[in-house]
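Summary of structural features
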Amino acid sequence: MGLSLHEAVEDRETSPLASQHFLLYFFNHQTRNLEPSGNIDIKVSISLRIFLVSDPNMAANFWTSSHCKQLLDQEEVDVVPPLDKEKGITLEDFKHIKMHMANYIWKLAQHVKVRQRVVATAVTYMRRVYTRKSMTEYDPRLVAPTCLYLASKAEESTVQARLLVFYIKKLYTDEKYRYDRYEIKDILEMEMKILEALNYYLVVFHPYRALSQLLQDASLNDISMTQLTWGLLNDTYRMDLILVHAPHLIALACIYIASVLREKDTTAWFEELRVDMNVVKNISMEILDFYENQRMIGDDRIIAALSKLNLKP
Amino acid sequence: MGDTNSNNGNNTNNNNKKPEWLQQYDLLGKIGEGTYGLVFLARIKSSTNRGKSIAIKKFKQSKDGDGVSPTAIREIMLLREISHENVVKLVNVHINHVDMSLYLAFDYAEHDLYEIIRHHRDKVNHSISSYTVKSFLWQLLNGLNYLHSNWIIHRDLKPSNILVMGEGDEQGVVKIADFGLARIYQAPLKSLADNGVVVTIWYRAPELLLGAKHYTSAVDMWAVGCIFAELLTLKPLFQGAEVKATPNPFQLDQLDKIFKVLGHPTLEKWPTLASLPHWQQDVQHIQGHKYDNTGLNTVVHLPPKSAAYDLLSKMLEYDPRKRITAAQALEHEYFRNDPLPGRNALVSPNADKAVNYPTRPVDRTTDFEGTTSLQPSQPVSSGNAVSGSIPGAHGGTLRSGPRQMPVGPSTATGEKKGHWNGDDWIPSTAEIKALRLWRHTGSERYIWFIMLELIRYLSECKVEMLCHHYLETLSFISRRQNLKIKDHRVYLFSVRCLSALTSILLLQVLMVSWEVKEAPTAH
């Protein structure tokens with residue numbers, strides 16, 4: 001039930017930025033429509049809760065999960081750890097490095113062949129680590145692959161550390177970033193440090209399942225909409241949204257953007273869901289802002305930011 | 001006493017450099033051992049929870065350089081999310097960065113259903129009171145209902161995984177434990193069957209035995225049914241002999257045991273049966289015998305019209321889709337009839353007296369590193385015995401005379417006897433000591449002692465169990481054949497065991513045919 005489509009999309013190598021030029025177009029022409037429509041409701045209403053929770057595929061209960069309890073405010077996420085600040089890392093740098101590391105996890109994952117879910121969990125772990133630890137102490141070049149390693153175990157598709165190191169060396173030997181300076185032993189040590197930093201909370205709820213259910217519910221589950229929203233959703237992991245918002249709200253924001261872009265009228269459907277449209281629209285704005293800014297970030301920016309950290313060569 | 005022993009320098013780890021977290025506990029000793037690692041009993045030192053008992057599960061660092069074991073990760077992951085009175089509570093997680101080991105600290109439970117059943121069967125020789133059985137079952141279902149409603153399947157329910165709290169505010173409360181195999185069953189990334197079919201064979205549901213690809217929470221309910229019957233009769237309901245050597249989930253003997261009691265499943269009663277791989281492939285084997293009359297009520301000694309029997313037969317329903325769920329079972333008439341189930345399963349509200357169950361044996365000679373001190377707890381008459389605990393003392397001194405044998409049949413009084421727990425051979429205290437000495441000295445004498453102990457146990461066994469052990473040992477040997485030199489002695493030992501087993505088996509079979517009444521003794 002919906003699973004085959006779901007999986008079909010998940011396995012597709014959707015380029016994260018495939019939809020970028022559409023979005024820029026969209027950003028320039030449609031922003032005005034994003035003003036709150038005045039139909040604001042109390043947070044997440046009962047009807048949506050029941051819809052999401054009573055569905056078997058939603059798995060364990062998000063509302064009682066550690067993930068739900070750990071959600072942070074944006075201001076809490078946007079704090080540069082003191083140690084990194086001393087080295088001159090700005091909030092921008094901090095975000096860029098995290099984004100870059102999310103991309104790195106993504107690339108590695110494609111080689112060791114794990115599914116999108118595992119990548120999403122790994123990126124979430126990495127982002128959670130940096131809400132508590134500094135990049136100075138926890139070298140992102142090691143944290144990123146280790147998060148992928150840990151996530152692969154948590155999601156029951158264990159990747160061997162040996163294989164991971166093999167690909168890191170194969171892919172990144174010549175780069176300035178020197179990802180390849182770490183060995184199996186370092187990954188295993190870091191795995192334990194990350195477990196500790198995560199306070200042993202490992203269950204992460206992702207918007208993917210909610211997305212396919214919601215699309216189906218809105219009868220928008222044609223190939224084009226599914227692909228577009230899926231690509232958007234993948235891109236949200238390049239930001240900190242998963243630490244701040246409940247997964248179904250992120251899914252709704254992706255649907256919202258896609259439906260405006262493809263000129264589908266979903267107003268009535270959103271109203272029926274009785275979610276806080278302000279939140280959904282705000283998330284949508286953040287996503288669009290991200291696409292706009294993202295164009296300006298070149299490799300040089302990343303290198304500059306990383307070099308400020310003064311990590312071991 | 002254990003503390004002083006652990007300072008013996010034979011181990012490479014320096015005990016003075018205890019990690020900080022460890023110092024909040026008083027280590028009492030080892031209480032269990034599994035493939036994942038060791039379990040210890042400890043007490044909290046801090047003033048708030050002073051004297052509270054804690055079970056600490058230590059996960060070994062996997063040898064193949066793959067970090068924290070995925071089993072440990074899954075167990076932590078699930079236990080961090082759930083909290084229920086009838087589910088074991090994870091109190092703390094600790095990491096020792098020095099030797100990269102991981103420790104999970106749980107609230108300690110003094111008893112488990114395996115030991116309780118064994119106590120009734122072997123010691124007091126009377127059945128478990130109906131109040132206690134009902135309370136165990138209700139609480140077990142209550143915990144399971146919580147897990148299932150959170151989309152978690154346990155997959156390895158068996159009496160030894162169902163703990164019961166000892167004296168204290170939670171006395172007689174059931175706790176489901178051991179989540180190493182449990183899964184959240186949201187969209188499994190791999191079909192669960194690909195990860196190796198789990199669940200101890202005696203409690204394994206028929207659909208799994210027949211090769212079902214996806215499991216549901218119904219597999220846990222089958223196990224509960226088997227446990228319910230075992231609580232009533234004190235004997236495992238379906239004691240099949242496991243064939244471990246094949247990756248194939250098909251277990252003919254186990255299925256045969258089930259069919260013998262419940263009758264053959266039919267397509268009318270279980271329509272999806274035809275789609276199960278082994279029902280088709282092994283048709284002539286499975287359907288070779290025809291059992292059609294249900295003998296369940298005679299096996300469990302329940303009147304067929306009783307509520308207890310009705311509930312049991314609904315748990316042991318062949319078709320997983322028709323099998324009763326935990327939520328439905330909690331609503332069953334059985335729990336509304338007298339005696340009503342209670343929170344303290346061990347002491348009924350209008351009870352005369354509670355059964356005194358034995359406490360868990362604690363091996364006080366093992367420290368957190370898993371290294372054992374060599375000093376035998378039973379002082380040996382000759383003075384040289386002390387040399388056993390002197391670092392670097394190898395075989396020489398220990399071999400000096402037969403009275404060096406630290407253990408023997410005479411020391412057995414008051415010590416734990418060796419037994420089979422359905423999964424593993426649980427060695428006697430004397431045997432553990434002998435094993436330790438054997439590992440340390442390499443002296444053959446100890447192997448022979450262990451063999452003697454085993455033979456003693458085996459000679460009391462029924463033929464069925466012997467076959468079971470025989471197959472176990474055989475598959476153990478086949479698994480061990482490509483081991484490193486270090487484990488070679490273990491291999492050799494099991495080969496010897498096998499030959500001993502073969503002769504005992506033969507002897508017993510012969511005895512049966514000669515109608516000899518008395519079992520041979522070890523002497």
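Worth saying up front: this structure is predicted, and the values here are computed from it rather than measured. (Residues numbered from 1 in each chain as written. Chains lettered and ligands numbered in written order. Predicted model: local features only at pLDDT ≥ 70, side-chain atom pairs only at ≥ 80, totals over all residues.)

Next up on the list: the domain arrangement of chain A. For chain A, the assigned domains read domain 1 (3-62 + 205-294) and domain 2 (77-202). Taken together, the contact pairs 11 residues of domain 1 of chain A with 13 residues of domain 2 of chain A. (Domains from an automatic or database assignment. Contact = placed C-beta atoms within 7 Å.)

It is worth spelling out the sheet that holds strand β8 (residues 162-164) of chain B at this point. All names here are of chain B. In space, the 3 strands of this open sheet follow the order β6-β8-β9, with antiparallel pairing throughout. In this open sheet, the two edge strands, each paired with only one partner strand, are β6 (111-112) and β9 (174-176). In the sheet, β8 pairs with β9 via 3 bridges, with the strands oriented antiparallel. Each bridged residue has a counterpart across the sheet, and for Val-164 the counterpart in β9 is Val-174. (Pairing = 2+ DSSP bridges. Helix = DSSP H or I, 4+ residues; strand = E, 2+ residues; numbered from the N terminus.)

Listed by partner, the interface residues are 25 residues for chain A and 22 residues for chain B. Taken together, the elements giving at least two residues each to the side of chain A that touches chain B come down to α9 (140-154) and α11 (184-197) of chain A. Element by element, the count of residues in the side of chain A that touches chain B is highest for α11(A), at 6 residues. For the side of chain A that touches chain B, the residue count by class is 12 nonpolar, 7 polar and 6 charged. (Nonpolar A, V, L, I, M, F, W, Y, C, P; charged D, E, K, R; others polar.)

Residue and element names in this part refer to chain B. Taken in spatial order, the 5 strands make up an open sheet running β1-β2-β3-β5-β4, and their pairing is antiparallel. Only two strands of the sheet have a single neighbouring strand rather than two, namely β1 (25-33) and β4 (90-96). Ignoring which end each strand starts from, the neighbouring axes of this sheet average 25° apart. With 6 bridges connecting them, strand β3 (residues 53-59) and strand β5 (residues 101-107) associate as antiparallel partners. Note on β5: the bridge partner recorded for Ile-54 is Asp-107. Here helix α2 (residues 70-79) sits on the sheet in contact with β3, β4 and β5, set at roughly 40° to β5. (Axes fitted to C-alpha atoms, helices over the stretch in contact; angles between N-to-C directions.)

Below, the discussion takes up the nonpolar core. Core analysis: the largest hydrophobic core is formed by 171 residues, its most contacted members being A:Ile105, A:Met126 and A:Cys147. Tallying contributions element by element places helix α6 (residues 218-233) of chain B first for this core, with 12 residues. (Core = buried A, V, L, I, M, F, W, Y, C linked by C-beta atoms within 7 Å. Buried ≥ 20, exposed ≤ 12 C-beta atoms within 10 Å, placed from the backbone.)

Right, let's talk about the pairing of strand β2 (residues 37-44) of chain B for a bit. All names here are of chain B. Relative to β2, β1 runs antiparallel, the two sharing 7 bridges. By the bridge assignment for β2, Gly-32 is matched with Val-39. Bridge count between β2 and β3: 7 bridges; the pairing is antiparallel. Within β3, the position partnered with Gly-37 by the bridge is Phe-59.

What follows concerns the domain arrangement of chain B. Residues and elements named next belong to chain B. Examined at the domain level, chain B breaks down into domain 1 (21-107), domain 2 (111-180 + 190-335) and domain 3 (385-514). Between domain 1 and domain 2, the residue contacts involve 12 residues of the former and 15 residues of the latter. The residue makeup of the side of domain 1 that touches domain 2, split by class, is 6 nonpolar, 3 polar and 3 charged.

A few words on the UniProt feature "domain: Cyclin-like" (unreviewed entry) in chain A. Annotation from UniProt places "domain: Cyclin-like" (unreviewed entry) at residues 103-196 and 209-289 of chain A. For residues 209-289 of chain A, the helix share is 77%, the strand share is 0%, and the end-to-end C-alpha distance is 25 Å. (UniProt positions renumbered as here; feature names shortened; annotations may be inferred.)

Residues and elements named next belong to chain A. Across the interface, helix α7 (residues 91-112) lies against helix α8 (residues 116-129) with an axial gap of 10 Å and an inter-helix angle of 150°. When the axes of α7 and α8 are compared, the pair comes out roughly antiparallel. Judged by the twist between their axes, the crossing of α7 over α8 is right-handed. Residues Lys-98, Met-101, Ala-102, Ile-105, Trp-106 and Ala-109 of α7 touch α8, and the partners they reach there are Val-118, Val-119, Ala-122, Val-123, Met-126 and Arg-127. Broken down by class, the residue content of the contact of α7 with α8 amounts to 10 nonpolar, no polar and 2 charged. (Parallel < 35°, antiparallel > 145°, perpendicular 65-115°, else oblique. Left-handed = near helix turned anticlockwise from the far one by under 90°.)

Turning to the packing of α7(A) against helix α10 (residues 161-172) of chain A, a few remarks are in order. Residue and element names in this part refer to chain A. Interhelical geometry of α7 versus α10 gives an angle of 115° and a closest axis separation of 10 Å. In the packing of α7 onto α10, the handedness of the crossing is right-handed. Judged by residue contacts, Leu-108, His-111 and Val-112 of α7 engage Leu-163, Leu-164, Tyr-167, Ile-168 and Leu-171 from α10. Its residues assigned to classes, the contact of α7 with α10 shows 7 nonpolar, 1 polar and no charged.

Another aspect to go through is the environment of B:Leu28. Residues and elements named next belong to chain B. As for its placement among the helices and strands, Leu-28 is situated in strand β1. By C-beta crowding, Leu-28 is classed as partly exposed, having 17 other C-beta atoms within 10 Å. Taking the C-alpha atoms as reference points, Leu-28 and Phe-40, 12 residues apart in sequence, are found 7.4 Å from one another.

Turning our attention to the environment of A:Thr136. Residues and elements named next belong to chain A. As for its position among the elements, Thr-136 is in the loop between α8 and α9. Separated by 51 residues in sequence, Thr-136 and Lys-85 place their C-alpha atoms 9.7 Å apart. Sequence-distant contacts of Thr-136, defined by excluding residues within four places in its chain, comprise Leu-83, Asp-84, Lys-87 and Leu-309.

Further remarks concern unusual backbone geometry. The linkage connecting B:Asp338 with the following residue, B:Pro339, adopts the cis geometry, with an omega of -10°. For B:Pro339, the location among the structural elements is in the loop between α12 (326-330) and α13 (395-398). Of note, A:Arg274 is a non-glycine position whose phi angle comes to about 55°, a positive value. Among the secondary structure elements, A:Arg274 is positioned in the loop between α16 (267-273) and α17 (277-294). A positive phi angle, close to 55°, is found at B:His301, a residue other than glycine. With respect to the helices and strands, B:His301 occurs in the loop between α10 (296-300) and α11 (307-315).

Before going further, it helps to examine the confidence of the model for chain B. As a general rule, the predicted coordinates of low-pLDDT regions are not to be interpreted in detail. Residue and element names in this part refer to chain B. Counting all residues, the mean pLDDT for chain B is 73, and 60% of those residues have values of 70 or more. Taken as a whole, residues 1-16 scores under 50 in pLDDT and shows 22 contacts with residues more than four places along the chain or in a different chain. pLDDT under 50 marks residues 373-414. Its contacts with residues more than four places away, or in other chains, come to 58 contacts. (pLDDT = per-residue confidence, 0-100.)

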